[in-house]
Number of protein chains: 2
Amino acid sequence: MNKRLKIGVFGFGCVGQGLYEVLHRTRGIKADIAKICVKDRNKKRSIPLENFTFEKDDIINNPEIDLVVELIDNADEAFEIVSSAMKKGKSVVTANKKMVAEHFNELLTLQKEHNVSFLYEASCCASIPIIRNLEEYYDNDLLTAVEGIINGTTNYILTNMCKYQIPYSEALAKAQELGFAESNPYLDVEAFDAKFKVSIITAHAFGVFIKPDEIFNYGISSISSYDISYAREKNMDIKLVARSKRNNDSLGVWVMPQFVPSASKLYQVLNEYNGVLVEGVFSDKQFFLGKGAGAYPTGSAVLSDISAVTYNYQYEYKKFGQESRPEFTNDLEVEIYYSYRTPDELSKLPFSSVHEQYTGREYCYAIGTTTIEQLRKVKDSIPTDCFICLMPEKSF
Amino acid sequence: MNKRLKIGVFGFGCVGQGLYEVLHRTRGIKADIAKICVKDRNKKRSIPLENFTFEKDDIINNPEIDLVVELIDNADEAFEIVSSAMKKGKSVVTANKKMVAEHFNELLTLQKEHNVSFLYEASCCASIPIIRNLEEYYDNDLLTAVEGIINGTTNYILTNMCKYQIPYSEALAKAQELGFAESNPYLDVEAFDAKFKVSIITAHAFGVFIKPDEIFNYGISSISSYDISYAREKNMDIKLVARSKRNNDSLGVWVMPQFVPSASKLYQVLNEYNGVLVEGVFSDKQFFLGKGAGAYPTGSAVLSDISAVTYNYQYEYKKFGQESRPEFTNDLEVEIYYSYRTPDELSKLPFSSVHEQYTGREYCYAIGTTTIEQLRKVKDSIPTDCFICLMPEKSF
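Residues numbered from 1 in each chain as written. Chains lettered and ligands numbered in written order. Predicted model: local features only at pLDDT ≥ 70, side-chain atom pairs only at ≥ 80, totals over all residues. Heavy atoms only, no water.

Student: Describe the sheet that holds strand β6 (residues 118-119) of chain B, listing the residues and the values that go with them.
Tutor: Residues and elements named next belong to chain B. One open sheet accounts for 6 strands, arranged β3-β2-β1-β4-β5-β6; its pairing is parallel. A single partner strand is all that each edge strand has here, and the edge strands are β3 (52-53) and β6. Direction of pairing for strand β2 (residues 31-37) relative to β3: parallel, over a ladder of 2 bridges. Note on β3: the bridge partner recorded for C37 is T53. Across the sheet, helix α1 (residues 14-24) touches β1 (5-10), β2 and β4 (67-70), and the angle it forms with β2 is around 155 degrees. (Pairing = 2+ DSSP bridges. Helix = DSSP H or I, 4+ residues; strand = E, 2+ residues; numbered from the N terminus. Contact = heavy atoms within 4.5 Å. Axes fitted to C-alpha atoms, helices over the stretch in contact; angles between N-to-C directions.)

Student: Please set out the confidence of the model for chain A residue by residue, giving values where relevant.
Tutor: Close reading of the predicted structure is inappropriate where its pLDDT is low. Residues at a pLDDT of 70 or more form 98% of chain A, whose mean pLDDT is 93. The ipTM for the predicted assembly is 0.89, set against a pTM of 0.92. (pLDDT = per-residue confidence, 0-100.)

Student: Before we move on, can you summarise the interface of chain A and chain B with the specific residues and values?
Tutor: Frequently, the measure chosen for interface size is the accessible area removed from exposure when the parts meet. At the junction of the two partners, chain A supplies 50 residues and chain B supplies 50 residues. At the surface where chain A touches chain B, the tally comes to 2 salt bridges. The partner of A:K291 in a salt bridge is B:D284, with the nearest N and O atoms 2.5 Å apart. Of all elements in the fold, only α1 (14-24), α6 (130-137), β12 (284-291) and α12 (295-310) of chain A reach the threshold of two or more residues within the side of chain A that touches chain B. When residues of the side of chain A that touches chain B are assigned to their parent elements, the largest contribution, 8 residues, is made by β12(A). Residues that form the side of chain A that touches chain B fall into these classes: 21 nonpolar, 14 polar and 15 charged. Bridge count for β12(A) against strand β12 (residues 284-291) of chain B is 3 bridges, and the pairing is antiparallel. Paired with A:F287 across the bridge in β12(B) is B:L289. (Salt bridge = Lys/Arg side-chain N within 4 Å of Asp/Glu carboxyl O. Nonpolar A, V, L, I, M, F, W, Y, C, P; charged D, E, K, R; others polar.)

Student: Tell me about the packing of helix α7 (residues 152-164) of chain A against helix α8 (residues 168-177) of chain A, and name the residues and values.
Tutor: A pair of packed helices can be characterised by two numbers: the angle between their axes and the separation between those axes. Residue and element names in this part refer to chain A. Put simply, α7 and α8 touch, their axes get as near as 9 Å, and they point 135 degrees apart. By the angle class used here, α7 and α8 are oblique. The element α7 and its partner α8 pack so that their crossing is right-handed. Here α7 contributes Y156, I157, N160 and M161 to the contact with α8, which in turn contributes Y168, A171, L172, K174 and A175. For the contact of α7 with α8, the class distribution of residues is 7 nonpolar, 1 polar and 1 charged. (Parallel < 35°, antiparallel > 145°, perpendicular 65-115°, else oblique. Left-handed = near helix turned anticlockwise from the far one by under 90°.)

Student: Residues and numbers for the environment of B:S264, please.
Tutor: With respect to the helices and strands, the residue B:S264 is situated in the loop between β10 (250-261) and β11 (273-280). Each C-alpha atom of the pair B:S264 and B:K35 lies 46 Å from the other, and the pair is 229 residues apart in sequence.

Student: Tell me about the packing of aromatic side chains, and please be specific about residues and values.
Tutor: Residues and elements named next belong to chain A. Summed over all chains, the structure comprises 53 aromatic pairs over all chains. Centre to centre, the rings of Y137 and Y138 are 5.2 Å apart; their planes meet at 85 degrees, and the pair counts as edge-to-face. The burial state of Y137 is the same as that of Y138; both residues are buried. Between the aromatic rings of Y313 and Y315, the centroid separation amounts to 5.9 Å while the plane-to-plane angle is 85 degrees, which identifies the pairing as edge-to-face. Across this residue pair, the class does not change: Y313 and Y315 are buried. (Phe/Tyr/Trp six-rings, centres within 6.5 Å; stacked < 30°, edge-to-face > 60°. Buried < 20%, exposed > 50% of the residue type's maximum accessible area, 1.4 Å probe, protein only.)

Student: Now, about the sheet that holds strand β1 (residues 5-10) of chain A: what can you tell me, with residues and values included?
Tutor: Sheet strands associate in pairs through backbone hydrogen bonding, adopting either a parallel or an antiparallel arrangement. Residues and elements named next belong to chain A. Pairing within the open sheet is parallel, and its 6 strands lie in the order β3-β2-β1-β4-β5-β6. The sheet terminates laterally at β3 (52-53) and β6 (118-119), the two strands that pair on one side only. Packing against the sheet, α1 makes contact with β1, β2 (31-37) and β4 (67-70), and its axis sits at approximately 155 degrees to β2. Relative to the sheet, helix α3 (residues 75-87) contacts β1, β4, β5 (91-94) and β6, its axis offset from that of β4 by approximately 170 degrees.

Student: Lay out the pairing of strand β9 (residues 236-247) of chain A in plain terms, naming residues and giving numbers.
Tutor: All names here are of chain A. Counting buried positions along β9 gives 10 out of 12 residues, so the element sits mostly inside the fold. In terms of strand pairing, strand β7 (residues 143-149) meets β9 through 4 bridges, oriented antiparallel. For G148, the partnering residue across the bridge sits in β9 and is A242. As defined by bridge partners, β9 adjoins strand β10 (residues 250-261) across 12 bridges and the pair is classed as antiparallel. Its bridge partner lying in β10, V241 is registered against M256. Between β9 and β10, which pair antiparallel and follow one another directly, the connecting turn spans 2 residues, one of which, N248, has a positive phi of 55 degrees.

Student: Report on the domain arrangement of chain A, specifying residues and quantitative values.
Tutor: Residue and element names in this part refer to chain A. Looking at the assigned domains, one finds that chain A contains domain 1 (5-119) and domain 2 (131-294 + 325-390). Spacing between the C-alpha centres of domain 1 and domain 2 amounts to 32 Å. Summing both sides of the interface, domain 1 and domain 2 together bury roughly 820 Å²; the carbon and sulfur share of this comes to 80%. Sorting the residues of domain 1 by area buried against domain 2 places K97, A101 and F104 first, and these three jointly supply 60% of that buried surface. Across the contact surface, domain 1 and domain 2 share 1 salt bridge. Where domain 1 meets domain 2, there are 0 residue pairs in polar contact (both at pLDDT 80 or more). (Domains from an automatic or database assignment. Buried area = accessible area lost by both parts, 1.4 Å probe. Polar contact = N/O pair within 3.5 Å; in protein donor to acceptor, adjacent residues only side chain to side chain.)

Student: An account of the pattern of salt bridges is needed here, citing residue identities and associated values.
Tutor: Inspection of the entire model under this criterion finds 32 salt bridges over all chains. With its nearest N and O atoms 3.8 Å apart, the salt bridge here joins A:E279 to A:K285. Judged by relative accessible area, which is 14%, A:K285 ranks as buried. Between B:K197 and B:D193 there is a salt bridge, and its shortest N-O distance comes to 2.8 Å. Highlighted residues: B:K197 and B:D193, both in helix α10 (residues 192-206), separated by 4 residues, approximately one helical turn. Note on accessibility: B:K197 and B:D193 belong to one class, buried. Three or more residues are tied together by salt bridges with common partners; here these are A:K97, A:D193 and A:K197.

Student: Report on the state of the cysteines, specifying residues and quantitative values.
Tutor: Residue and element names in this part refer to chain B. Per the counting criterion, the structure on display carries 0 disulfides over all chains. For C364, which is in no disulfide, the shortest distance to another cysteine sulfur is to C386 and amounts to 9.0 Å. Residue classification places C364 among the buried residues on the basis of a relative accessible area of 0%. Unpaired in terms of disulfides, C389 finds its nearest cysteine sulfur in C162, a separation of 9.3 Å. The buried category is assigned to C389, whose relative accessible area is 0%. (Disulfide = S-S within 2.5 Å.)

Student: Report on the environment of B:S307, specifying residues and quantitative values.
Tutor: Residue and element names in this part refer to chain B. Along the chain, S307 turns up in helix α12 (residues 295-310). Since its relative accessible area comes to 4%, S307 is described here as buried. The sequence separation of S307 and D73 amounts to 234 residues, and the corresponding C-alpha distance is 23 Å.

Structure below.
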């Protein structure tokens, strides 16, 4: 306990370099980077070459390395690295939400079998310590909901669209230029990134693991200026909101665009920031706000996990053992705004009832109720110039 | 580890009753209340009489009770109870900020000597898990500042004064009526309550314990409608802000009223809510918002601590062992707004320089620099119809 850790790092991109700098400027933490494994032998590096290796076995098979920090993009390769490391008795810290969400049960088994720490705070909301708080602090308080803006890329785009009337494509280009969006933005803008995160958050909030495939996600790429105008006229913004909400014994989990009224705490979450509301029966709503992306915020979350490993901290997944776990369902009624271009497109969305309908020359919309299960079923057949948005709920 | 705890509770006021209800509606936590010790034999109770005892030894000397939850008002009696309990090998959970702040070192020694858990999350900001986050999560991240609104009573009063132009005495009466202020509001409105809290927060943030006596506190009881008007004209509110801020190797800690611009996150903290900004070099500012007072929010914080005791959780006070601890000083320059009634009162505040001065028939003010040490020295000799307020700093 509390010895000086030797770390092997995989990946030296934005987060890896952030971690390197954060670790070197932090005096209190008993850990040093022994080696960094990268792929590209020819890429110019910002630190001396002797820090690097190109063979992953130099880290995995090195018995002096206690901890592997995995910061590469590819989820399959990451899983390969992480599972080899745990099998060798090494603890692991990762920021890879896709890998954690897609291999959740296998990773749980591995960490138990090999009695190692496996921590992934940086995988959700960068600098906001949401997993640790759900895991350690909100384990008893009749938690009812976790809801938030957990993807910085889409929030940056939507902030620009709502506040400055910048069109989608331009806002996306700006996000890419500033490094808030990747050159292929698919995982972010189609809400897969947020879906992986809400799957992980739900596990720590309610002790229920839901495969990402079962969670409804709908992104923002088909949003139009008509939708933004509709929201602005009503003093609302459109935000991509992830929700994991308990209602008695059932649990609804999804990610989709949502109208957010100006009185909501989530309305104040701007640009690359993330914001999470944690709702308990007794604690009321708690709001956590912080930078949701970037080298330093993510690096600092990785560092908090490294520090926790020096104290042998492990997630206990206590809630998985509790009796009163809710049951996940997509069979939940929701009130939806659906915008489309020509009247014949209305039928693409299977409303159980429609309360409002507007038909214009270039833009139509309908507001009505349907279920998450219905939305999941028809999602891929909805025309790409149509848009779905959840109607606002009561605010904080 | 993880056995079913037997709890002895001291006090059955607002928080005690909140805890009782919270605990009875929570299924996951392995703890039961064995006895509740109260003073008044004749007071009517909301639960059956067999739950109560009037002798504290019925709890302290009962070997079956593992955990004492201390929820009484009187700090001296509380210390007596808490230290007896620890000496008997019992863990302790308390919400008593005055006791914790005034006996910090003794309480640390006791918990180490007797190897028991001593937890007090509920003593600061009720439902916001600030101590746990500082203790567990921000232990490495070159923390630079913790700043916030940590007293619900004064925030309720100031919100009413700033937003609805209600005079101080009326706002205070309203707070008392709603149970947000005690019949004797001295500790809250003169910023002693917030001072105890910031002393505790500073210990967990920076590993430095500062006796409350050494911390400058200045309250809100002498605020006038002129001060509120001055703030409102400049699109600011006045808030009672506690600050613990590191600047290289020195540490400044105080509580006083401060002008808060509308762009600051703290501006959005209204009524009985508390809001805390945690600033790190790498994580940037994190913002925590939640209810800072009330039976349920405080009860739920007590319950989180009880739950932590079932897992043998103890604060480790890691930062007290770190090399790079900053040194507390009151010798720090600050920019101060000082309002007074007659020109001769200007000299009561020892400015080192004055940048702005306004003289009117009933209201005058000066803005200039002085030090916290100077303010501490003259605090008690400043006329009660004068008011001191910190000028705004750069916002979040």
